[in-house]
Amino acid sequence: MLSVLVAPLLGAFLARAEEPPSASSVFVPPALTAQVAPLYPSEALGEHLVGDVVVMVTVGTDGRPTEVVHLRGGPAVFVQSALDAGRALVFSPATRDGQAVPARIPVHFHFAPPPETLEEEPEALVVQAVRDPTAHETHAVTVVDAARLERAAGDDLAEAMSEVPGVALGRSAGDTTKPIVRGQQERRILVLMDGVRHESQKWGLDHATEIDPLSAGSVHVVKGAAGVRYGPDAIGGVVLVEPLPLRAAPGVGGRVQTLAESNGQRGVLAGRLDGASERVEGLAWRVEGNWARGGDLRTPRYVLANTGSEVWNAGVTVGRAHAGWEGVVAWNHHDLRSGVTWAARASTPDELRAGLSREVPLGAEDWTERREIERPWQAVRHDVARARLRRHLPTGGELQATYAFQRNHRREYDYARASVEGPQFDFTLRTHTMDAAWTSASRETRLGRSETEVGVGGAFQENVYEGLPLIPNFRALQGGLHVNERVERGGLVWDVGARLDALDRTAFMTGAAWRRSLARGALGEGDCVVGEDVARCAGRYTAGSLSVGGSWVVVPDVVDVRVDASSATRFPNVDELYMSGAAPTSPVVAVGDGGLGPETTRGVSPTVTVHGNVVDAQVSAYLNHIDDYILFGPDVGEDGRVAIDVSVQGALPRFRFRATDAWFWGMDGGVTLFPAAPVGVVAQGALVRATEVASGLFLPLIPPDRLRLGVEIAPRRLGALEEVRGGCVVEHVFEQTRVDGSSDLAPPPGAYTLVEADVGLRIAVAGRTVSLGVAGRNLLDTAYRDYTSLIRYQADEPGRSVRLRLGADF
């Protein structure tokens, strides 16, 4: 199988590669030797616009650029100035064995108006850019930049991504959320933090991704099947969380910020300290941390009791770049304690069904705002340590290797007698990963300028579980190999790739748990090898993926079209196979299916991007067929009603996992009119359709259509203020009418409209830059319920909230 997928690609493309030099040769990348002060565009001068543009520069053997192309960024008014400035840059050329060779390097331009008077020559600052992890993507990509992440301070990762077209939020019974991309829940969204796969318990909608957005410099959302380049689980897309680059100039600096929020009386404190050594060339470090605490959230009609939370994060990073080598070691810790609302439980089936039609949860009239966190609640600790080594190879290519260790410790405390102090559910997930990749030098072939990437990765994982019946212990070994070839010729770029993955996993169940799963139909007699005290349930899976993508520059620096045809595979999770029970953060009784196999998606997605002074837009469509899609939905009995189980945990609806073939299709995107004007008009929208192939019925828990309309005040200088920006957005979420009403506990909630606004500014104080901001969410205090939230059966979503934020750089 591997030879069929990989060998033809390797043979066809590597045969055209240049003869490699001797192993003793040395490659030195190009270095910028002269800064350039490009003209600040006159059309932006009157509005005092601020922005960033990244261009890719091909440096010739004489150190002069031979080609400069727009890579990303805007506003569009700055693009031409950046391209002109890029062509005027001067480098020391890349060398191999002391001989000059061509090479490419990204360059970052930051545009800002003159600091004092308009009589000064308007200039822009240029600095070398860090790597863009999606520079070669043919998928639709949206970047959540540093400015958006600053406005999202205090949010979890999913909330920080919520403005990306095609991204919705999944919520359960607490104060945390999970991302849904193009209708795909988080278990089908691969999340990488600084290139490391994030591994945690993914079976609960209230299990937020344990990554601190405050430590990120940017978040790239890759939408669509991307399994070849990134590996299993990337069925709906990939979220690339990139940390801020380490400090380059010798010295010490940093940032402090704080936030206060009205709903939940939430407060956030955060700080970051960056340093670079004067004595050791290329040595830099960072220490960072933050803490947040909030009380019960309030809906427009009542307090949502026991939804307080407390979270703190800490991190240390040390890196050095010298003589063609780059190395970094880092450690990050996430610690969360969060309540689970009391509205999520009922004592009897009749009480549960009666609550479905109540506007106010039973007992809510007695709930008051408190800061205490009581049972039921969750406690999560996540640690990740990583080490990366990158080497610029003598051939002009690059070799990179990364090792990471993660420990995810989750405890859930359910209702219990006063004498019980410990958790009812205790999970410890340990993961070791090792990845290596080789990227060739760019070379001329008969097909065009080509680059090759070959990567290999492996992981060992073990889960130790204690507590009430839910999921078993397991050990897993996983490995993968991929190859990609990128060819550029004129305005066309092609990217072709193949991948092979394998997983060997064994779950260990007690005899009682095995018999319970057998009685519920989650397992068959032959699914496990049963001994006296334990049942061993082994699963071995293999899967191959292919991708072909291309981009065409229709009008240089204005219009480009990308088309991606890709496949991706996801192996079934342990909870989908063997879960049997309920936990506080998953307020349904979930029943697995031990016979599930891998699910594989195949699809196509065209994307059109336009940059201009009048229109800046990206619109993407997609069509995907998923074989053996693992559907999680209500278990409907022969009487046509959703089954309800009653236990010491209360009365809970029963959901079941099952496999079916499915279609997913839709479109998403955004358009900004007059992006260079003082005030721009923004429109974003997303729609997704999902049906079961066999029955033609619509699938449950698919996000409804949504539309966002707003205005944005472009960043500009105003008097003594260095920068002022703002905006107001109206979001309308339509009622989800495309559902099978007989397969759910209650009809979907109605449509709703939310209004939010944000204003921010930067000002110089004592030689330091201070940022201030105020934001309002759900400003009309609208009472609503979201279809993708399991809490919709019992309670509303949070109401109006006003945030104040303050930050300072030093």
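Residue numbers run consecutively from 1 along every chain, following the written order of its sequence. Two thresholds apply to this predicted model, a pLDDT of at least 70 for residue-level local features and 80 or more for giving and counting side-chain atom pairs, whereas whole-chain, interface and lining totals are computed over all residues. Side-chain figures throughout are based on the complete set of non-hydrogen atoms in the structure, without hydrogens or water.

Engineer: Quick rundown of the environment of Pro634? Include the residues and the values.
Structural biologist: Runs of E in the DSSP output that reach at least two residues are strands. Runs of H or I that reach at least four are helices, and both are numbered from the N terminus. By the element assignment, Pro634 lies in strand 37 (residues 615-634). When accessible area is computed with a 1.4 Å probe and restricted to protein chains, residues below 20% of their type maximum are described as buried, those above 50% as exposed, and intermediate ones as partly exposed. Residue Pro634 is classed as buried on the basis of its relative accessible area of 15%. For Pro634 and Pro700, which are 66 residues apart along the polypeptide, the C-alpha to C-alpha distance reads 8.7 Å. Contacts are residue-level and defined by heavy atoms, with any inter-residue pair within 4.5 Å sufficient. For Pro634, the contacting residues outside a window of four places in its chain are Val642, Arg654, Phe655, Ser743 and Asp744.

Engineer: Quick rundown of the pairing of strand 36 (residues 599-610)? Include the residues and the values.
Structural biologist: Relative to strand 36, strand 33 (residues 559-570) runs antiparallel, the two sharing 12 bridges. When the sheet's bridge partners are listed, Ala568 is paired in strand 36 with Thr601. Here, any two strands with at least 2 DSSP bridges between them count as paired. Bridging between strand 36 and strand 37 involves nine bridges; their strand directions are antiparallel. Considered in strand 37, the bridge of Gly603 is made with Asn624. What sits between strand 36 and strand 37 in their antiparallel hairpin is a turn of four residues.

Engineer: Now, about the nonpolar core: what can you tell me, with residues and values included?
Structural biologist: One finds Trp203, Phe427, Leu470, Met509 and Tyr578 to be the most contacted residues of the largest nonpolar core, which totals 30 residues. Every element with two or more residues in this core is listed here: strand 26 (425-439), strand 29 (473-489), strand 30 (492-510), helix 8 (511-519), strand 32 (534-555) and helix 9 (574-578). Here this core takes four residues from strand 32, the largest share from any one element. In this structure, Tyr578 is in contact with Leu470, Pro472, Ala507, Met509, Ser517, Leu523, Cys537, Gly592 and Gly594, ignoring residues within four places of it in sequence. The criterion is simple. A nonpolar core is a set of buried Ala, Val, Leu, Ile, Met, Phe, Trp, Tyr and Cys residues joined through side-chain atoms within 4.5 Å. Among the nonpolar cores identified, the runner-up in size contains 22 residues, and Leu32, Val59, Val68 and Ala85 belong to it.

Engineer: Could you give me a rundown of the sheet that holds strand 16 (residues 237-243), with the residues and numbers involved?
Structural biologist: Across the sheet, which stays open at both edges, the five strands sit in the order 10-15-16-13-14 with mixed pairing between neighbours. Each edge of the sheet is formed by a strand with only one pairing partner; in this case those strands are strand 10 (140-144) and strand 14 (196-197). Bridge count between strand 10 and strand 15 (residues 216-223): five bridges; the pairing is antiparallel. Looking at strand 15, one finds that Ala140 is bridged to Lys223.

Engineer: So what about empty space enclosed by the protein? Which residues, and what values?
Structural biologist: Definitions used throughout: a 1 Å grid over protein atoms alone; a cavity as a set of points that fits a 1.4 Å probe which cannot get out; a pocket as an open set with protein on both sides within 12 Å along at least five of seven lines; a lining residue as one with an atom within 4 Å of a point. Grid points are joined across faces, edges and corners, and a volume is the space filled by probe spheres set on the points. Under the defined criterion, the tally for this structure stands at 14 cavities of 30 Å³ or more. Along its surface, the second largest cavity is lined by 20 residues, and Met193, Glu210, Ile211, Asn332 and Val384 are the ones closest to its centre. Breaking the lining of the second largest cavity down by element, the ones donating at least two residues are strand 14, strand 19 (283-294), strand 22 (309-322), strand 23 (325-339) and strand 24 (377-392). For this scheme, ten residues count as nonpolar: Ala, Val, Leu, Ile, Met, Phe, Trp, Tyr, Cys and Pro. Four count as charged, namely Asp, Glu, Lys and Arg, and the remainder, Gly too, count as polar. Each residue belonging to the lining of the second largest cavity can be placed in one class, and the counts come to five nonpolar, 10 polar and five charged.

Engineer: Could you give an account of helix 7 (residues 349-356), naming the residues involved and the relevant values?
Structural biologist: What helix 7 keeps buried is the set Leu352, Gly355 and Leu356. Along the long axis of helix 7, the arc covered by the buried residues comes to 110 degrees, so they all point the same way. Considering only its buried residues, helix 7 is in contact with strand 38 (644-647) and strand 39 (650-673). Here the arc refers to the directions that run from the helix axis out to each C-beta atom.

Engineer: Give me the confidence of the model for the chain: which residues, what numbers.
Structural biologist: The pLDDT value expresses, per residue, how confident the predictor is, ranging between 0 and 100. Of the residues in the chain, 91% have a pLDDT of 70 or more, and the chain-wide mean is 86. Low pLDDT, under 50, characterises residues 1-25; the predicted model gives this stretch 40 contacts beyond four residues in sequence or across chains. Across residues 115-130 the pLDDT falls below 50, and counting only partners more than four positions away or on other chains, this stretch makes 42 contacts in the model.

Engineer: Pulling in residues and values, what's your account of the state of the cysteines?
Structural biologist: In plain terms, two cysteine sulfur atoms within 2.5 Å form what is called a disulfide here. As enumerated under the stated definition, the model contains one disulfide in all. The disulfide bridge from Cys528 ends at Cys537, spanning 2.0 Å between sulfur atoms. Its S-S torsion of about 95 degrees marks the bond between Cys528 and Cys537 as right-handed, since a negative value means left-handed.

Engineer: Could you give an account of the pattern of salt bridges, with specific residues and numbers?
Structural biologist: Here, a salt bridge means any Lys or Arg side-chain nitrogen found within 4 Å of an Asp or Glu carboxyl oxygen. Within the structure shown, the criterion is met by 59 salt bridges. Residues Asp668 and Arg182 are paired through a salt bridge, measuring 2.9 Å at the closest nitrogen-oxygen approach. In this pair, Asp668 is assigned in strand 39 and Arg182 in the loop between strand 12 (177-181) and strand 13 (189-193), connecting sequence segments 486 residues apart. By the burial criterion, Asp668 is buried, and Arg182 matches it. Salt-bridge contacts for Glu462 lead to Arg475; the nearest nitrogen and oxygen are separated by 3.8 Å. Remark: Arg475 occurs in strand 29 and Glu462 occurs in strand 28 (residues 449-467); sequence separation between them is 13 residues.

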